[in-house]
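Listed below are the residues making up each chain.
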4 protein chains.
Amino acid sequence: MMNQISQENIQVGEIANGLPLSIPVYRIKGNGNGPKVYIQANMHGAEVQGNAVIYQLLETLKQQTLASDITLVPYANPIGCNQKSGEFTLGRFDPITGTNWNRMYHNHTALVNEFVAQHSESSLDEIKSAFRALLLEQTQTMLDAPAYSIDTGKRIALNLQRLAHEADIVLDLHTGPISAKHLYCPEYAKTSASYFDIPHVLLIPNAFGGALDEASFCPWWSLSEAFKQQGRDIPVLVEAFTVELGSQEKIDLAEAKHDANSILSYLTYKNALIDSAFKPLSMVRYACMLDDCIAYYAPMGGMVEYVAPLGGHIEAGDTIAHILRMERYLSEHPLQALTFDQNAITILHFASASVNQGTELYKFFTNYFEL
Amino acid sequence: MMNQISQENIQVGEIANGLPLSIPVYRIKGNGNGPKVYIQANMHGAEVQGNAVIYQLLETLKQQTLASDITLVPYANPIGCNQKSGEFTLGRFDPITGTNWNRMYHNHTALVNEFVAQHSESSLDEIKSAFRALLLEQTQTMLDAPAYSIDTGKRIALNLQRLAHEADIVLDLHTGPISAKHLYCPEYAKTSASYFDIPHVLLIPNAFGGALDEASFCPWWSLSEAFKQQGRDIPVLVEAFTVELGSQEKIDLAEAKHDANSILSYLTYKNALIDSAFKPLSMVRYACMLDDCIAYYAPMGGMVEYVAPLGGHIEAGDTIAHILRMERYLSEHPLQALTFDQNAITILHFASASVNQGTELYKFFTNYFEL
Amino acid sequence: MMNQISQENIQVGEIANGLPLSIPVYRIKGNGNGPKVYIQANMHGAEVQGNAVIYQLLETLKQQTLASDITLVPYANPIGCNQKSGEFTLGRFDPITGTNWNRMYHNHTALVNEFVAQHSESSLDEIKSAFRALLLEQTQTMLDAPAYSIDTGKRIALNLQRLAHEADIVLDLHTGPISAKHLYCPEYAKTSASYFDIPHVLLIPNAFGGALDEASFCPWWSLSEAFKQQGRDIPVLVEAFTVELGSQEKIDLAEAKHDANSILSYLTYKNALIDSAFKPLSMVRYACMLDDCIAYYAPMGGMVEYVAPLGGHIEAGDTIAHILRMERYLSEHPLQALTFDQNAITILHFASASVNQGTELYKFFTNYFEL
Amino acid sequence: MMNQISQENIQVGEIANGLPLSIPVYRIKGNGNGPKVYIQANMHGAEVQGNAVIYQLLETLKQQTLASDITLVPYANPIGCNQKSGEFTLGRFDPITGTNWNRMYHNHTALVNEFVAQHSESSLDEIKSAFRALLLEQTQTMLDAPAYSIDTGKRIALNLQRLAHEADIVLDLHTGPISAKHLYCPEYAKTSASYFDIPHVLLIPNAFGGALDEASFCPWWSLSEAFKQQGRDIPVLVEAFTVELGSQEKIDLAEAKHDANSILSYLTYKNALIDSAFKPLSMVRYACMLDDCIAYYAPMGGMVEYVAPLGGHIEAGDTIAHILRMERYLSEHPLQALTFDQNAITILHFASASVNQGTELYKFFTNYFEL
């Protein structure tokens, strides 16, 4: 017997001709015993592979026995997803304002102190359900504010966040520009990182930068810390990850199947699936702290040949790129070799061969270690 | 006898074909007795009128007797200034990253505490020169970091900030989209606001949002506050303003002459000019606190007729715009009147007639008062 | 009794998330005795005022007694209409390919020769209905070709053209960038131009450039000429105009009312309305031939103050703009006056103050004459 | 002894801040006995690999014995080359007008008839030098027209065309979006195509579409045909090719070395090099006529997995792509397989995974044959 999948379309905005912007929300129900799961994809318009992963997840999940209710949202951003400029999708930021679509979520951490004061005697279950209800209510209150007080990106983000706060597990599927697979993992959830088939893990602190994973876990993490200050130990009750699936502007259905299996392995570990055989691949996983993930900006303008292999380990002083500068072929060396001064793992590089001085060329893991 | 104007071109970046990005810096020297003045324009690419104001300032200043050294920088942002997308200039944010060019300056406020500890016994003059030297040195240190650690916008901003920190008076010339003239004025400099011929003044607190005015005054304001906590009263030694000249994408030389005179009136008040006859026009000036300057986002998508007059005072409930939605001419009222629920002064509106739900339609002063 | 308005939504494409692109088509029926009328607006995304004119037309037409069936299509281009890049609407060309949306219609003139050969003995009525049927059938055939053979803009254009070919009168509502009102009128329909309240008329020959007016009248004009070569005089049976309503990025409902009345005056003249009181305003109308409408490109890069008044008559040598070039304030005259070497009427100018050398600054009527 | 390379910078425009746009022109002189050669790259901003090929050509040519004067122009389009929109280079068309930068060259074919009338008795050498002089003079005359009559793209194109008309051999280095190597070759120069190491050759007729290769050879081809109509056989005296090097947004120095060698093989065949060992690789080369090169537009909107291998031979009915449409996962099959109905060679595909209905997905050679 196949699981039923239901679809709901949620309106998250309106465009200039007055038509609604909506996103499709797919739901599969489990037996109610597992953690609630929320998975979304394509908040950045060019990062499309997550839709293919959701496709593969749906294809698989309808045949699994589920403990968890699972909500899956492809095409999370109907503006970014359809925004072209030239051949490519210009979906990283609002084309009107420049605001990064993934920096618009709301941080509810300010609710923690009063909540803890009121719930010092509550049971863990009471805490969990009351804090969840509070997050949902506050998100809804923001959406219910006068329409003139909410900007475009905030309205999309709050609608998604409302769905995410219902879940115990939140996965936001992104990609890098040209990128190795990597995982943004909150430090407290390090153990879970080993259940994904992702060799590079970025451990992030309890700091809010506007993204969905942070909006999902920061309040719960702060809640745990606030109780700790009261002398009471409660776990962080929600896990949230940003899963970087590889490169943008690419659909690869076979790779999506692998990534779906990787997510199912993690969900099996979290008891979302019953009698599931999904388990992590054996691989060396490297991690680094967020502060050790270094952006390397182009030290000069020019045209770039990227030579550091993605996922590869480079040594300090290795050539990572050549920069060709043909304007001054005669007056200076037209081909410059770039190096980085630390041992590092190459995580991603810029998507274009043409860079200004100061364009982010690479991201590197430094001071990395085996997980 | 005319004052000499000197020109220096400062390199602030390189583009993809390897050519340098430079900005022209014009300097006029005074007799050394006045406050140093720094004026820049066009950090946002479409906000060009400041260049015309600098033109008019140069034309006038070369005939004035000057106490102050004055530095003037048109075309402060050589990327934004030349970035087209369609007919208009897409110069508000880095086209690659979306980062607002005017949110990239560095906040040196963190230097204050150690500085105050070291200068508790210093004279006001010593404090002024030592803190200025510190700001300049720290800005230079950031520019001297490995080239790979500085992104495109930061490099432009730091180069400009280095020039601005040399001055006692900093004016950053901007425009709104379609806008009445208004002035961003730090609360402590309220008196100065009356010397500009600008009827609308936004009083801003000591909070850093990344703009040049803030980068210029926040450290000095914090310095003053830190000394006050030590029981010593020193004034805020630097004044910095963002001057919003009106609408973007427009050069109006006659209006630029008025705005140059307005600036010269302020500079006369600050003793930058000797025997100057420039003085402020008699006008009612309205001010509001930053928190009372309200962004009004489009409550629905559609095509907008703006009807609230710029600089006009509206009453709560007045119609401020009509939104035409022709997709549903038969199924709902195709013409919606928008209202705002507070008494307000209309400061600016969006530059286009087509808006998504959530696009910033208007900015209003509320709870305004006569300055 | 009010006329019934019906709405149909026509699908003209699909976007990247798979959702349909549709346009709303409004229809009012007359008594069948008048010429069929087709009016569309907003093929170029920023040229929104035509939607307001259609709104005013619908509001008026539902109260008129109509001889004609009238079809009105606002938001003719659902991609262009919603395409933002910065604050403005980037709707002039396909953002992927650069193709001007209004150069994608099909020229059916090649059908004329065979048709004339077959209909040398037909009555005028037979000719009219058979040629119309042929145009419609051929347009439908193109739309029925394999989906892989039709590009995005062509599919939109052919869908609109199919509607337009049903009509005897076609009005395509556009605007200039910053523009005086003007009318593109085929030379044979010069008399009709005097029924619009538009003071500037551009007389265009039987040459196809890809626009809807041309696609609508060229085949019928060529049909008339082909019969003339056979020694038979038939009139051009279709009239089509591009109506340039003024400036882009602007909704002005009062002005839209005037322009609706202007169109109703023309339709009254064409017997589309019964007992209608709409008649043209008394005004001097100037015309020029298409070849005498001169594009004036910026002879240098810089920032422009436009000083030639729209609709104004300039003399050869008058200053039409100032160009400010602040990079070389000291080394050359920073303010250049531009002149045009002919007597002319200023029809439109560029929408931005920043121009490259070679940007179209102005369009002028030269060798103009009273209509 | 190394050949001297000289550099000249040619001004081709000015940008909004008044600074000149220039392109670097590199020249190497031969002994004067070989055909003059002109090679340019990067007319489309994202098509950067040609700059790397010119780098490798310069590195090699300075060590060769040359019969020919060779002119090499990297960065042919200083606007397109530096135009960013998001991470990618938006350099295919003028961002203001949408005009394809490679459709702006001038067709001098209209000069042919009068020239032939005047030179019916001239020797072949006289014809060659007089017609070349005429092309150069007419191009210069266009550039000398009033500055206000030349638009931005035309000015760049005419400046390049002036350089190209000096040459007997013209190579315009482009790339496709994601592409196999292919060569645009005029039908009369088919033999030359076998000297390039390029397996796919597109044979093009004597028709002008605005590109540099056509602007270079069409007048000479028409000259040959006009003399033929007079009963005199003269060869087409100029060869011009567009060389499609592979994919855009990519610098690959090793591949550039191969492509430089391929060009040197052709130049060796044309006696531009003395004692040169460069010769073509042995490979099967496939050709098709321009009309048989089929654009395949997306028959629906969605997210695309490209599965037809570049350069691969597909059979009618093979799956060439999957289109994922997750909006309607439940209501229709979310994954559609696309097929093409002819045997074909896959030459290129679109650069993004997100497509509207009607976006060009693929280009195929059909009715291809071995060269």
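Residues numbered from 1 in each chain as written. Chains lettered and ligands numbered in written order. Predicted model: local features only at pLDDT ≥ 70, side-chain atom pairs only at ≥ 80, totals over all residues.

Draft legend 1. Structural context of the relation of the copies chain A and chain D. Aligned on chain D, chain A shows an RMSD of 0.0 Å; the corresponding rotation is 180 degrees and the shift along the axis is 0.0 Å. On the angle and the small slide along the axis, the relation comes out as a two-fold axis. Ranked by how close their C-alpha atoms come to the rotation axis, the residues of chain A are headed by A:Ser85, at 3.3 Å. A high fraction, 100%, of the interface residues of chain A reappear at the interface in chain D, so the copies pair face to face through one surface. (Least-squares fit on C-alpha atoms with pLDDT ≥ 70 in both. Contact = placed C-beta atoms within 7 Å.)

Draft legend 2. Here's a closer look at the sheet that holds strand β18 (residues 319-324) of chain A. All names here are of chain A. Read from one edge of the open sheet, 4 strands run β19-β18-β16-β21, paired in antiparallel fashion. The sheet is open, and its two edges are formed by β19 (335-339) and β21 (354-355), each paired on a single side. The pairing of strand β16 (residues 302-306) with β18 spans 4 bridges and is classified as antiparallel. In the strand pairing of β18, Met-303 is matched with Leu-324. (Pairing = 2+ DSSP bridges. Helix = DSSP H or I, 4+ residues; strand = E, 2+ residues; numbered from the N terminus.)

Draft legend 3. Broad picture of the interface of chain B and chain D. Each side of the interface is counted separately: chain B has 13 residues, and chain D has 13 residues. When its residues are assigned to classes, the side of chain B that touches chain D shows 7 nonpolar, 4 polar and 2 charged. (Nonpolar A, V, L, I, M, F, W, Y, C, P; charged D, E, K, R; others polar.)

Draft legend 4. Region of the structure containing helix α4 (residues 152-164) of chain D. Residues and elements named next belong to chain D. When the terminal C-alpha atoms of α4 are compared, their 19 Å separation across 13 residues agrees well with the 18 Å that a helix rising 1.5 Å per residue should span. When you tally the buried positions in α4, you get 11 out of 13 residues, the bulk of the element. Restricting attention to buried positions, one finds in α4 the residues Thr-152, Gly-153, Arg-155, Ile-156, Ala-157, Leu-158, Asn-159, Leu-160, Gln-161, Leu-163 and Ala-164. (Expected span 1.5 Å × (residues − 1). Buried ≥ 20, exposed ≤ 12 C-beta atoms within 10 Å, placed from the backbone.)

Draft legend 5. Structural detail: the domain arrangement of chain A. Residues and elements named next belong to chain A. Domain assignment breaks chain A into domain 1 (5-283) and domain 2 (293-370). Distance between the C-alpha centres of domain 1 and domain 2: 32 Å. With 10 residues of domain 1 in contact, the opposing surface of domain 2 contributes 10 residues. Only β9 (178-179) and β11 (200-204) provide two or more residues apiece to the side of domain 1 that touches domain 2. In terms of residue class, the side of domain 1 that touches domain 2 is built from 5 nonpolar, 5 polar and no charged. (Domains from an automatic or database assignment.)

Draft legend 6. Summary view of the nonpolar core. Among the nonpolar cores identified, the biggest contains 494 residues, and A:Leu183, A:Cys185, B:Leu183, B:Cys185, C:Leu183 and D:Leu183 are the most heavily contacted of them. Beyond its immediate chain neighbours, meaning those up to four positions away, A:Leu183 contacts A:Ala193, A:Phe196, A:Ile198, A:Val201, A:Leu202, A:Phe241, A:Val243 and A:Glu244. (Core = buried A, V, L, I, M, F, W, Y, C linked by C-beta atoms within 7 Å.)

Draft legend 7. Structural detail: the pairing of strand β2 (residues 20-28) of chain D. Residue and element names in this part refer to chain D. With 9 bridges connecting them, strand β1 (residues 5-14) and β2 associate as antiparallel partners. The residue bridging Ser-6 from the neighbouring strand is Arg-27, located in β2. In this structure, the hairpin formed by β1 and β2 is closed by a connection of 5 residues, where Gly-18 is found at a positive phi of approximately 90 degrees. Relative to strand β5 (residues 70-73), β2 runs antiparallel, the two sharing 3 bridges. For Arg-27, the partnering residue across the bridge sits in β5 and is Thr-71.

Draft legend 8. The arrangement of the interface of chain A and chain D in detail. Each partner contributes residues to the interface: chain A has 41 residues there, and chain D has 41 residues. Of all the secondary structure elements, the ones that give two or more residues to the side of chain A that touches chain D are β1 (5-14), β2 (20-28), α1 (49-61), β7 (88-89), β16 and β18 of chain A. Ranked by residue count, the leading element in the side of chain A that touches chain D is α1(A), at 5 residues. Classifying every residue of the side of chain A that touches chain D gives 26 nonpolar, 8 polar and 7 charged.

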